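Structural characterization, general
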Amino acid sequence: MKSEARVVVIGGGVVGCSVLYHLTKAGWKDVVLVERDQLTSGSTWHAAGGFHTLNGDPNVAKLQGYTIGLYDELEKISGQSCGLHRTGGLLLADTPERMEWLKMAHGRARYLGLETELLTPKEAKKLLPLIEERHFVGAMLDAADGNLDPSGTTHAYAKSARIGGAEIYLQTRVTALERRAGGTWNVITDKGMIHAEHVVNCGGLWAREIGRMVGLELPVLAMEHMYLVTDEMPEVVEFNRTHGHELPHAIDFKAEIYMRQERSGMLLGTYEKACVPWQPRQTPWDFGNELLPPDLERIAPSLELGYRHFPAMERAGIKRVVNGPFTFSPDGNPLVGPVQGLPGYWCACAVMAGFSQGGGVGLALSQWMVNGDPGFDVWAMDVARYGEWATRRYTNAKVRENYARRFSIRFPNEELPAARPQQTTALYDLMLAQGAVMGDSWGLEVPLWFAPRGVEPRDVVSFHRSNDFAHVKAECHGVRHAVGVTEIANFAKYEFEGAGAEGYLSRLMTNRMPREGRLVLTPMLNEGGKLIGDFTIAKAAADRFLVWGSSQAQIYHMRWFEQQLPRDGSVRVRRFGLGLVGLSIAGPRSRELLAHLTDADVSDGALRFLDHRSLDVANTPALINRVTYTGDLGYEIWVAPEYLRRLYLAIADAGRDFGLVQFGMRALLSLRLEKNFPTWYRELRPIYGPFEAALERFVDLSKSDFIGREAALREKESGGKLRRVTFVVDATDADVVGDEPIWHDGKVIGWVTSGGYGHYVERSLAQGYVPRSLAGDTGPGAFEIEILGERRAATIAPEPLFDPQGRRMRG
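The model shown is predicted, which means the values in this text are computed figures rather than measured ones.

A few points about the overall build of the chain
Assigned secondary structure in the chain consists of 20 helices and 38 strands. Relative to the compact-globule value of 28 Å for 811 residues, the chain shows a C-alpha radius of gyration of 27 Å, a close match. A buried classification covers 62% of the 811 residues belonging to the chain. Residue pairs in contact within the chain that sit at least 24 positions apart in sequence constitute 72% of those at least 6 positions apart. Total accessible area on the chain stands at roughly 30000 Å², and carbon and sulfur atoms take up 49% of it.

In structure tokens form, the structure reads like this:
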């Protein structure tokens with residue numbers, strides 16, 4: 001065994017072997033994999049082996065498509081068969097709502113270049129005669145679906161990695177990880193120590209334990225998962241004989257089952273509601289090629305429905321039942337990437353769909369390690385998407401919820417209840433008392449909308465405009481006509497101090513830093529000139545800056561901030577979290593309201609647009625930013641948490657004289673659409689450049705040294721490939737939610753990033769990216785946007801529909 005290596009990959013399942021192979025493919029040869037038992041021990045060996053492209057996040061779906069296309073390459077390199085069966089797959093809808101979901105998935109597939117087709121129940125039955133078609137309203141065929149041999153595929157990765165120069169050590173358990181003073185790692189095993197620059201946690205069932213070796217509690221939990229294999233079925237034999245190929249895969253959403261052909265019978269697996277975690281505290285190190293006792297009674301409700309939907313299955317004998325553990329994260333997507341505060345420690349775990357995602361995970365992580373960037377938008381898989389609030393018991397509750405909902409629809413206005421409320425502010429009970437319907441924003445309860453007295457405060461979940469529509473409209477009109485107040489504690493807040501703080505932030509951000517007492521809005525780019533952040537920055541003192549950003553990206557951004565810190569100690573950064581909370585007041589009467597609450601002069605001349613001040617407001621020491629995401633006249637008021645309740649009650653009391661309304665997150669997002677304001681994760685992602693995103697006024701290329709400047713300059717000179725635009729959509733009772741295809745002249749040419757209804761301007765709005773050459777086509781109905789399977793006319797709005805000159809927010 002080597003004593004030195006550039007990378008040590010811990011774990012010999014399909015994901016670990018994929019990471020190892022992709023590192024060698026990227027040019028790193030001094031890499032080793034350490035496995036406590038044999039390759040595939042843990043979860044890989046007993047997996048059902050299915051693969052598919054379908055995923056709720058289009059960027060993850062792209063990586064799944066890469067994974068599936070990789071298997072032919074692996075077979076050629078390694079000479080090892082992956083046991084591929086490319087049968088295609090059917091997704092079966094039993095209700096109109098599920099069919100609408102399939103129409104949305106089919107629309108996403110169009111711009112991803114995936115081959116899908118919507119079918120009637122009769123057409124689906126021709127492909128899968130086992131179906132009792134009267135139980136279904138439609139289906140979608142995904143041509144890329146299939147299954148493989150888990151062991152053969154894992155060994156194909158491993159052999160390909162060895163051919164590329166990697167080494168694999170079996171029967172070698174990692175017992176400890178020690179970080180050296182220089183930032184490298186001692187990987188201590190029961191066979192000796194390896195000194196490594198990088199460690200990759202591909203521990204699978206033992207990912208938590210590998211994390212705990214460095215003081216990290218990863219949000220991952222193993223669940224028992226069962227599938228059964230039938231005896232030979234005459235219906236299967238006859239289909240194979242007459243058609244010359246195997247039956248396609250099938251997912252039955254109602255019965256919560258998946259099925260595929262296995263030899264001359266069928267394999268049927270369930271994601272049952274009565275799910276059971278496995279080893280929720282500690283995974284035994286001696287667990288290996290073992291199965292758990294089957295419990296058919298637990299999955300009986302799914303089997304009963306499945307037998308009604310596929311009657312031949314009920315007549316089939318059961319050859320064997322497999323019950324084994326698989327790991328899941330709270331949202332079901334993998335945990336991938338570098339860990340904040342632990343340079344050189346990487347994760348590639350919680351990959352529950354290893355044969356759909358393992359190749360893409362390996363590709364993204366290897367590029368991240370070798371090139372400093374994954375080369376894709378992997379936010380939906382980034383380990384940094386979770387904060388410290390994702391505790392072990394939180395993870396347990398959310399994983400069980402996610403598992404039980406594996407085949408359930410997630411409606412765009414649906415908030416899931418498990419492990420809530422996790423974090424609340426001092427206003428939580430007051431919000432509920434006023435009819436707030438709450439949502440989860442990075443673990444924090446935030447008001448979405450307010451139900452008036454006599455109206456039940458709950459969402460009726462739907463793909464169409466729902467019961468909140470009229471009430472969100474009233475909130476928007478209240479803001480635009482008078483003044484509204486909303487809680488903004490969920491914003492990310494940071495402090496940068498030190499003699500080098502201004503130079504450091506200037507290097508990170510594209511815009512110039514503000515003068516003392518002023519604000520700037522600025523994007524942040526990676527080295528490739530792509531968007532990785534969007535911030536408001538205040539210069540509070542000569543060597544002190546306050547920064548606000550997206551709540552969901554707090555760990556993601558802290559990781560980047562720390563990576564860029566100078567080593568001389570001249571800059572200190574901290575994240576406030578809920579140590580700084582706030583309220584936003586917005587609307588034409590917001591200045592009057594603020595003036596009533598403070599002795600300070602808040603006239604336009606004294607407190608200008610983009611000013612930052614320290615003031616006493618309602619007897620509380622506060623920080624004031626004259627800016628608001630509504631695009632109207634407004635102010636952010638930031639206070640320590642112990643003052644928030646007093647501040648809010650004072651605003652509510654004084655606001656009665658000014659027509660104050662409460663407004664929630666949905667109204668705020670509607671108001672920002674009317675101003676063409678982008679938002680992180682939707683319009684602003686690391687696949688877009690600042691000029692493509694129409695943020696050129698926040699990019700100062702006269703600065704000579706900001707990260708990504710050269711790439712941004714090239715983008716400006718070339719014009720870039722894409723442009724962010726806003727559409728007015730000829731919608732009826734359903735608006736875009738994001739990821740819908742954009743059509744032009746009969747072709748899909750772009751995609752929607754976000755949208756909804758602009759309640760004040762009375763228009764259905766969508767933001768999205770189109771080729772730069774088409775962004776000037778502002779003719780009426782020049783585009784179409786596909787909403788729930790229907791192509792609706794869409795027209796580019798060349799300027800914001802509300803206050804295009806910005807007079808309201810500057811006045």
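Structural notes on the packing of aromatic side chains
Taken as a whole, this structure holds 34 aromatic pairs when the rule is applied. Note on Trp-185 and Tyr-345: the rings are 5.9 Å apart at their centroids and 55° apart in plane angle, and the pair reads as tilted. Taken as a pair, Trp-185 in strand 10 (residues 185-189) and Tyr-345 in strand 19 (residues 345-349) lie far apart in primary sequence, 160 residues in all. You'll find Trp-185 and Tyr-345 in the same group, each marked buried.

Notes on the sheet that holds strand 34 (residues 741-744)
Strand pairing in a sheet takes place through backbone hydrogen bonds and is either antiparallel or parallel in direction. Spatial ordering of the closed barrel is given by 33-36-35-34-37-38, a layout of 6 strands whose pairing is antiparallel. Adjacent strand axes in the sheet meet at a mean angle of 45° when their direction is disregarded. Examined bridge by bridge, strand 35 (residues 747-758) and strand 36 (residues 763-771) share 7 bridges and lie antiparallel to one another. Bridge assignment links Trp-751 to a residue of strand 36, and that residue is Tyr-769. Those strands touched by helix 3 (residues 96-112) are strand 34, strand 35 and strand 37 (783-787), and its axis lies near 60° from that of strand 34.

Focus: the environment of Glu-272
Looking at the element boundaries, Glu-272 is found in the loop between strand 15 (265-270) and strand 16 (277-278). Spatially, the C-alpha atoms of Glu-272 and Arg-298 are 7.6 Å apart, while their sequence positions differ by 26 residues. Excluding anything up to four places from it in sequence, Glu-272 contacts Glu-224, Glu-256, Arg-298, Ile-299, Ser-302, Tyr-403 and Ala-404. Among the polar contacts listed, one links the side chain of Glu-272 to the side chain of Thr-270, at a separation of 2.9 Å.

Examining the environment of Asn-467
Structurally, Asn-467 can be placed in the loop between strand 21 (444-450) and helix 13 (469-481). Overall, Asn-467 belongs to the partly exposed group, its relative accessible area being 27%. With 11 residues separating them along the chain, Asn-467 and Glu-456 place their C-alpha atoms 9.8 Å apart. Not counting the four nearest positions on each side in its chain, Asn-467 is found in contact with Trp-449, Arg-458, Asp-459 and Val-460. At a separation of 2.7 Å, a polar atom in the side chain of Asn-467 contacts the main-chain carbonyl oxygen of Arg-458. Within the local environment of Asn-467, its side chain forms a polar contact with the backbone nitrogen of Val-460, the two atoms lying 2.9 Å apart.

A few points about unusual backbone geometry
At the junction of Arg-420 and Pro-421, the peptide bond is cis and its omega measures out at -5° in the coordinates. Tracing the backbone through its elements, the reader meets Pro-421 in the loop between helix 11 (392-404) and helix 12 (428-433). Here Glu-256, not a glycine, exhibits a phi torsion of approximately 60°, which is positive. Position of Glu-256 among the secondary structure elements: in the loop between strand 13 (249-252) and strand 14 (257-262).

Describing the pattern of salt bridges
Close approach of charged atoms allows side chains with opposite charge to pair. For the coordinates displayed, the defined rule picks out 52 salt bridges. For Arg-315, the salt bridge identified is with Glu-235, shortest N-O distance 2.9 Å. Taken as a pair, Arg-315 in helix 9 (residues 311-315) and Glu-235 in helix 7 (residues 234-243) lie far apart in primary sequence, 80 residues in all. Using a relative accessible area of 60% as the deciding quantity, one classes Arg-315 as exposed. Put simply, Asp-700 and Arg-512 hold a salt bridge, and the shortest N to O gap is 2.7 Å. Of this pair, Asp-700 sits in the loop between helix 18 (665-674) and helix 19 (709-718) while Arg-512 sits in the loop between helix 14 (501-508) and strand 24 (519-525), placing them 188 residues apart in sequence.

Topic: the packing of helix 2 (residues 58-78) against helix 3
It is the contact of helix 2 with helix 3, at a shortest axis distance of 11 Å, that shows an interaxial angle of 60°. In terms of orientation, helix 2 lies oblique with respect to helix 3. When the axes of helix 2 and helix 3 are compared, the crossing they make is right-handed. Taken together, the residues of helix 3 that come into contact with helix 2 (itself represented by Pro-58, Ala-61 and Lys-62) are Arg-108, Tyr-111 and Leu-112.

Looking at the side chain of Asn-625
Structurally, Asn-625 can be placed in strand 30 (residues 620-625). Taking the relative accessible area as the measure of exposure, Asn-625 reaches 0% and is therefore buried. Reaching out from Asn-625, the side chain makes a polar contact with the side chain of His-612 at a distance of 2.8 Å. The contacts of Asn-625, once residues within four sequence positions are left out, are Leu-519, Trp-548, Asp-611, His-612, Gly-634, Tyr-635, Glu-636 and Trp-638.

Some points on the nonpolar core
Formed by 93 residues in total, the largest nonpolar core has its most connected members in Val-9, Val-19, Val-200, Phe-727, Phe-783 and Ile-785. When sequence neighbours within four positions are dropped, the list of residues in contact with Ile-785 reads Phe-727, Val-729, Val-736, Glu-740, Pro-741, Ile-742, Val-752, Ala-766, Glu-790, Arg-791, Arg-792 and Ala-794. Among the nonpolar cores identified, the runner-up in size contains 74 residues, and Val-383, Val-547, Val-571 and Phe-706 belong to it.

With respect to helix 5 (residues 150-163)
Along its 14 residues, helix 5 runs 20 Å from first to last C-alpha, staying within 8% of the 20 Å computed at 1.5 Å per residue. Of the surrounding elements, those touching the buried residues of helix 5 are helix 1 (14-25), helix 2, strand 8 (167-169) and helix 10 (354-371). Between the side-chain oxygen at the start of helix 5 and the backbone nitrogen of Ser-151 there is a gap of 3.3 Å, and the oxygen is on Asp-149. Once helix 5 finishes, Gly-165 follows within two positions and takes phi at roughly 115°, a positive value.

Some points on the sheet that holds strand 26 (residues 544-549)
As summarised here, the arrangement of the 5 strands in space is 24-25-26-23-27, forming an open sheet in which the pairing is antiparallel. Strand pairing shows two members of the sheet lacking a second neighbour, strand 24 and strand 27 (572-575), which therefore form its edges. If you compare each strand with its neighbour and ignore which way they point, the axes differ by 25° on average. Of the strand pairs in this sheet, strand 23 (residues 492-497) and strand 27 are connected by 4 bridges, and their pairing is antiparallel. Each residue of the ladder has a partner; that of Glu-497, found in strand 27, is Arg-572. Helix-sheet contacts for helix 14 involve strand 23, strand 24, strand 25 (531-541) and strand 26, and the interaxial angle to strand 23 is about 130°.

With respect to the pairing of strand 19
In terms of burial, strand 19 is a largely internal element, 5 of the 5 residues being buried. Residues of strand 19 alternate between two faces, with Tyr-345, Cys-347 and Cys-349 on one and Trp-346 and Ala-348 on the opposite face, all of them buried. Bridge count for strand 11 (residues 192-201) against strand 19 is 3 bridges, and the pairing is parallel. Paired with Asn-201 across the two strands is Cys-347, which belongs to strand 19. Hairpin connection, strand 18 (residues 335-338) to strand 19: the antiparallel pair is bridged by 6 residues, and Gly-341 has positive phi, about 85°.

Thresholds applied
Residues numbered from 1 in each chain as written. Predicted model: local features only at pLDDT ≥ 70, side-chain atom pairs only at ≥ 80, totals over all residues. Heavy atoms only, no water. Helix = DSSP H or I, 4+ residues; strand = E, 2+ residues; numbered from the N terminus. Rg over C-alpha atoms; globule rule 2.2 N^0.38 Å. Buried < 20%, exposed > 50% of the residue type's maximum accessible area, 1.4 Å probe, protein only. Contact = heavy atoms within 4.5 Å. Areas by Shrake-Rupley, 256 points an atom, 1.4 Å probe, with all protein chains shown as cover. Phe/Tyr/Trp six-rings, centres within 6.5 Å; stacked < 30°, edge-to-face > 60°. Pairing = 2+ DSSP bridges. Axes fitted to C-alpha atoms, helices over the stretch in contact; angles between N-to-C directions. Polar contact = N/O pair within 3.5 Å; in protein donor to acceptor, adjacent residues only side chain to side chain. Salt bridge = Lys/Arg side-chain N within 4 Å of Asp/Glu carboxyl O. Parallel < 35°, antiparallel > 145°, perpendicular 65-115°, else oblique. Left-handed = near helix turned anticlockwise from the far one by under 90°. Core = buried A, V, L, I, M, F, W, Y, C linked by side-chain atoms within 4.5 Å. Expected span 1.5 Å × (residues − 1).

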